[in-house]
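# A closer look at the structure
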Amino acid sequence: MLSVETFPTLQEAAGAVGPRAKFLGGGTLVMRAVSYGDQSFEKIVRAKTVDRAIGSHAAGLRVGAGATMADVLAARDLEFLHPVARAIGGPAIRNMATVGGNLFAPNPYGDFAAALLALDASVEMADGRTMPLADLLATRDHVTGLVAGVVFQRPESSAFRFRKISRVKPKGVPVISIAVHLKRGDPRVVFGNMAPVPARSVGAERALANGSDGAAIDAACAACLEGLAPEDDALATEWYRREVAPIHLRRLLEDGGQI
Ligand SMILES: Cc1cc2nc3c(=O)[nH]c(=O)nc-3n(C[C@H](O)[C@H](O)[C@H](O)COP(=O)(O)OP(=O)(O)OC[C@H]3O[C@@H](n4cnc5c(N)ncnc54)[C@H](O)[C@@H]3O)c2cc1C
């Protein structure tokens, strides 16, 4: 029997989540699981106060975990992330899907998490802890507590690019997503759906460390699969993902981000 517990704050709700309890963000995945009779949890935990604020922060920008993709699209400060938010589901999903929930969305989802990883985002937990997003993603099946918000620096104009590869446009789920932040000397290349969680391509990053001219792009595409471990699913085989990932990375690096 499924129960629902509602707490005044995220901090109080954090104390009630556990292996058999799921926090309800926008509910796009949790409520689908309920509808399908998922027996892996028996309690839904809610918080009455939801942090949807988007604004400046000492480290750059902060987005409350309760901000939806529609909130992101309405925020002029986050213009560089609009292509990412716009790529997630259709309008109804974007009105409910939260940034916090996307960090826990299993493959094939997690487009926003991939983008935030490329931006080297940090995660603020409800209990006050802060950790790199990469650490949260690496341990997210066992992480204790709830995410309160994410912070990251604004990228230089046109340094951030995103591409989602899906079979059905415009609302299909991603076969692969790619987020690139071309920071000189310290670039980030992140793939979604090329590992169990969004993952950096260390080979591509190494090749782009000194710039992104034609030779560097060739080297990045040749090395981009290093360390990645895509899997078969209903959308594509592991083989197909390995074949097309370098092609889409090249298009993103040469042409810029297009959905
Ligand atoms: C039709 C459809 C299309 C979709 N298309 C896409 C797509 O194109 N790209 C994509 O990336 N995703 C897609 N999704 C997946 C999903 O909508 C998004 O990933 C969304 O951002 C999840 O957020 P949510 O708030 O709805 O999560 P919920 O369903 O509320 O929660 C999902 C998980 O996150 C946990 N969680 C939520 N908030 C927090 C928090 N603050 N702290 C800790 N844990 C938390 C929950 O406990 C749960 O385990 C799609 C879903 C559907 C149903």
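Its place among the elements puts K164 in strand β9 (residues 160-165). In terms of polar contacts, K164 uses its side chain to reach the backbone carbonyl oxygen of A87, at 2.4 Å. Polar side-chain contacts of K164 include one of 2.8 Å to the backbone oxygen of G172.

Following N107, the chain continues into P108 via a peptide bond in cis, with omega recorded as 10°. Phi is positive for S158, which is not a glycine, with a value near 65°. Relative to the assigned elements, S158 resides in the loop between β8 (147-152) and β9. Taking the relative accessible area as the measure of exposure, S158 reaches 59% and is therefore exposed. With a phi angle near 70°, N193 is a residue other than glycine that sits in the positive phi range.

This part takes up helix α11 (residues 238-255). An α-helical segment advances 3.6 residues per turn. Residues three or four places apart therefore align on the same side. For α11, built from 18 residues, the straight-helix expectation of 26 Å at 1.5 Å per residue is met to within 8% by its first-to-last C-alpha distance of 26 Å. V244 marks the point of greatest bend in α11, at about 30°, and the proline P246 comes within the next four residues. Burial in α11 covers these residues: R241, V244, A245, P246, H248, L249, L252 and L253. Lining the buried residues of α11 we find β9, β10 (176-181), β11 (188-192), α9 (202-207) and α10 (214-223).

Turning our eyes to something else, we now look at α10. Every buried residue of α10 is listed here: A216, I217, A220, C221 and A223. Residues of α10 that are buried in the fold lie against α9 and α11.

Here the focus is the sheet that holds β8. Spatially, 5 strands are ordered β4-β5-β8-β6-β7 in an open sheet, and the strand pairing comes out antiparallel. Strand pairing shows two members of the sheet lacking a second neighbour, β4 (54-57) and β7 (130-132), which therefore form its edges. Direction aside, the axes of adjacent strands within the sheet are offset by 30° on average. Here strand β5 (residues 60-64) pairs with β8 via 4 bridges, running antiparallel.

The parallel open sheet is built from 3 strands, whose spatial order is β1-β3-β2. Sheet topology places β1 (3-7) and β2 (21-23) at the edges, where each strand pairs with a single neighbour. The average angle at which neighbouring strand axes cross in this sheet is 25°, direction not considered. Sheet topology places β2 next to strand β3 (residues 43-47); 3 bridges connect them, and they run parallel. Considered in β3, the bridge of F23 is made with V45.

Evaluated as defined, the whole model comprises 2 aromatic pairs. Seen from their ring centres, F80 and F152 are 6.4 Å apart, and the 80° between their planes marks the pair as edge-to-face. Linking F80 in the loop between α3 (69-74) and α4 (82-86) with F152 in strand β8, this pair joins segments that are 72 residues apart in sequence. Considered together, F80 and F152 belong to a single accessibility category, that of buried residues. Pairing F80 with F160 gives two aromatic rings, centres 6.2 Å apart and planes at 80°, and the pair type is edge-to-face. Residue F80 is found in the loop between α3 and α4, and its partner F160 is found in strand β9; the two are separated by 80 residues along the sequence. Classification of F80 as buried rests on a relative accessible area of 18%. A cation over an aromatic ring shows up here: R167 above the ring of Y240, its NZ or CZ 5.1 Å from the ring centre.

Glancing now at the domain arrangement of the protein. Here the protein is described as being made up of domain 1 (3-47), domain 2 (54-152) and domain 3 (160-255). Inter-centroid distance (C-alpha atoms) of domain 2 to domain 3 is 20 Å. On the domain 3 side, the residues contacting the 21 residues of domain 2 number 23 residues. Carbon and sulfur atoms make up 62% of the area that domain 2 and domain 3 hide from each other, which totals about 1800 Å². When residues of domain 2 are sorted by the area they lose upon contact with domain 3, N107, P108 and A118 head the list and together hold 28% of the total. At the boundary of domain 2 with domain 3, the tally comes to 3 salt bridges. Counting across the domain 2 and domain 3 interface gives 6 residue pairs in polar contact (both at pLDDT 80 or more). Top contributing element to the side of domain 2 that touches domain 3 by residue count: helix α7 (residues 111-118), with 6 residues. Its residues placed into classes, the side of domain 2 that touches domain 3 shows 14 nonpolar, 4 polar and 3 charged.

Rules used throughout
Residues numbered from 1 in each chain as written. Predicted model: local features only at pLDDT ≥ 70, side-chain atom pairs only at ≥ 80, totals over all residues. Heavy atoms only, no water. Helix = DSSP H or I, 4+ residues; strand = E, 2+ residues; numbered from the N terminus. Polar contact = N/O pair within 3.5 Å; in protein donor to acceptor, adjacent residues only side chain to side chain. Buried < 20%, exposed > 50% of the residue type's maximum accessible area, 1.4 Å probe, protein only. Expected span 1.5 Å × (residues − 1). Bend = angle between axes of the 7 residues up to and from the residue. Contact = heavy atoms within 4.5 Å. Pairing = 2+ DSSP bridges. Axes fitted to C-alpha atoms, helices over the stretch in contact; angles between N-to-C directions. Phe/Tyr/Trp six-rings, centres within 6.5 Å; stacked < 30°, edge-to-face > 60°. Lys NZ or Arg CZ within 6 Å of the ring centre and 35° of its normal. Domains from an automatic or database assignment. Buried area = accessible area lost by both parts, 1.4 Å probe. Salt bridge = Lys/Arg side-chain N within 4 Å of Asp/Glu carboxyl O. Nonpolar A, V, L, I, M, F, W, Y, C, P; charged D, E, K, R; others polar.

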